[in-house]
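In case you want the letters, here they are:
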Amino acid sequence: MFPNKYKPPRVHSGDFRTWVKFYGAVPNKGPEPGDDNSQKVYECWAKIEEVWSKDVELAKQNGTLSDVTLTIRDPHEDYRPTNKHYVTIDHPDYAGIKYDIKQPQPDPQQRDFIKIIAGAAT
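Below or above, wherever it landed, is the structure these notes cover. Residue indices follow the written sequence of each chain, beginning from 1 at its first position. Reporting in this predicted model follows two pLDDT cut-offs: at least 70 for local features of residues, and 80 or more for side-chain atom pairs to be given and counted; totals over whole chains, interfaces and linings ignore these cut-offs and use all residues. Note that water and hydrogens are dropped before the side-chain values are worked out from all heavy atoms of the structure.

1. Overview of the overall build of the chain
Counting from the N terminus, the helices are the DSSP runs of H or I reaching at least four residues and the strands are the DSSP runs of E reaching at least two. Check the secondary structure of the chain and you find 1 helix and 6 strands. From first element to last, N terminus to C terminus, the chain shows the α and β order β-β-α-β-β-β-β. A burial count over the chain gives 29% of its 122 residues as buried. At a minimum sequence separation of 6, the contacts of the chain that also span at least 24 residues come to 51%. In the form shown here, the chain has an accessible surface area of approximately 9000 Å², with 50% of it arising from carbon and sulfur atoms. Note on exposure labels: buried denotes an accessible area under 20% of the residue type's maximum, exposed denotes more than 50%, and partly exposed covers the range between, all computed with a 1.4 Å probe on protein chains only. Residue contacts are counted whenever heavy atoms from the two residues lie within 4.5 Å of one another. The protein chains shown are the only cover counted for residues, whose accessible areas, like all others here, come from Shrake-Rupley with a 1.4 Å probe.

2. A word on the environment of I97
Along the chain, I97 falls in the loop between β4 (85-90) and β5 (98-106). Under the relative-accessibility criterion, I97 is labelled partly exposed at 30%. Setting aside anything within four residues of it in sequence, one finds I97 in contact with V87, T88 and A120.

3. A few points about the pattern of salt bridges
In the sections that follow, a salt bridge refers to a side-chain nitrogen of Lys or Arg positioned within 4 Å of a carboxyl oxygen of Asp or Glu. According to the stated counting rule, one finds 4 salt bridges in the structure shown. Put simply, K47 and E49 hold a salt bridge, and the shortest N to O gap is 3.6 Å. You can call E49 buried: its relative accessible area is 17%.

4. Quick word on the pairing of β4
Two strands make a pair as long as DSSP finds a minimum of two bridges between them. By the bridge criterion, 6 bridges tie strand β1 (residues 18-26) to β4 in an arrangement that is antiparallel. Bridging from a neighbouring strand, W19 pairs with D90 of β4. One ladder, built from 3 bridges, connects β4 with β5; its direction is antiparallel. What sits directly across from V87, in β5, is Y99.

5. Some details on the nonpolar core
V20 and F22 are the most contacted members of the largest nonpolar core, which totals 16 residues. With residues up to four places along the chain from it excluded, the contact list for F22 reads Q39, K40, V41, Y42, C44, L70, I72, Y79, Y86, V87, I101 and I116. For our purposes a nonpolar core is just a set of buried Ala, Val, Leu, Ile, Met, Phe, Trp, Tyr and Cys residues, chained together by side-chain atoms within 4.5 Å.

6. Remarks on the layout of surface pockets
For the second largest pocket, the calculated volume is near 220 Å³. Using only the protein atoms, space was sampled on a 1 Å grid; points where a 1.4 Å probe fits but cannot get out form cavities, open sets with protein on both sides within 12 Å along at least five of seven lines form pockets, and lining residues are those with an atom within 4 Å of a point. Every residue along the wall of the second largest pocket is listed here: R10, V11, K47, E49, T71, Q105, D107, Q110, F113, I114 and K115. Of all elements in the fold, only β2 (37-49) and β6 (113-120) reach the threshold of two or more residues within the lining of the second largest pocket. Per-element accounting of the lining of the second largest pocket gives the leading share, 3 residues, to β6. Side-chain classes follow a simple rule in which Ala, Val, Leu, Ile, Met, Phe, Trp, Tyr, Cys and Pro form the nonpolar group, Asp, Glu, Lys and Arg form the charged group, and the remainder, Gly included, forms the polar group. The class makeup of the residues in the lining of the second largest pocket is 3 nonpolar, 3 polar and 5 charged. Grid points are joined across faces, edges and corners, and a volume is the space filled by probe spheres set on the points.

7. Description of the side chain of T69
Assignment of secondary structure puts T69 in strand β3 (residues 68-73). For T69, a relative accessible area of 19% puts it in the buried group. If we ignore the near neighbours within four places in the chain, the residues touching T69 are K47, I48, E49, K115, I116 and I117.

8. Regarding the packing of aromatic side chains
When the centres of two rings from Phe, Tyr and Trp lie within 6.5 Å, Trp using its six-membered ring, the rings pair. Their planes under 30 degrees apart give stacked, over 60 give edge-to-face, and anything left gives tilted. Using the criterion set out here, one finds 7 aromatic pairs in the structure. Centre to centre, the rings of F22 and Y42 are 6.3 Å apart; their planes meet at 35 degrees, and the pair counts as tilted. A residue pair is termed long-range when its members are at least 10 positions apart, and F22 in strand β1 and Y42 in strand β2 qualify at 20 residues. F22 gets classed as buried once you look at its relative accessible area, which sits at 0%. The structure contains a cluster of three or more aromatic residues connected by ring pairs, namely F22, Y42 and Y79.

What follows is the structure, encoded as structure tokens:
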């Protein structure tokens, strides 16, 4: 028989301690091609996770040692992260680094949160 026990969520509000800002590229207004300008599209609190120690060797082989995993509350219709956006993390250890969003992963079981995998922009 299945035990009827409460399992607390793996992520809760106390884990969101770091302010992050999401930016999207805006095309240049002049005749020159490109999209050097960026516009802030969303900002929120997030939980930041580094590459796990068990995955360090695999990360070294792929050259993705500077990946981070962000967990944010699902903003519903206010914002949808895509791989066309990048994120900055407001923390002294991540100052001045832009992270390109590689893959947003909505959690189908727990729809309150979205995991975002991002790597340092080159």
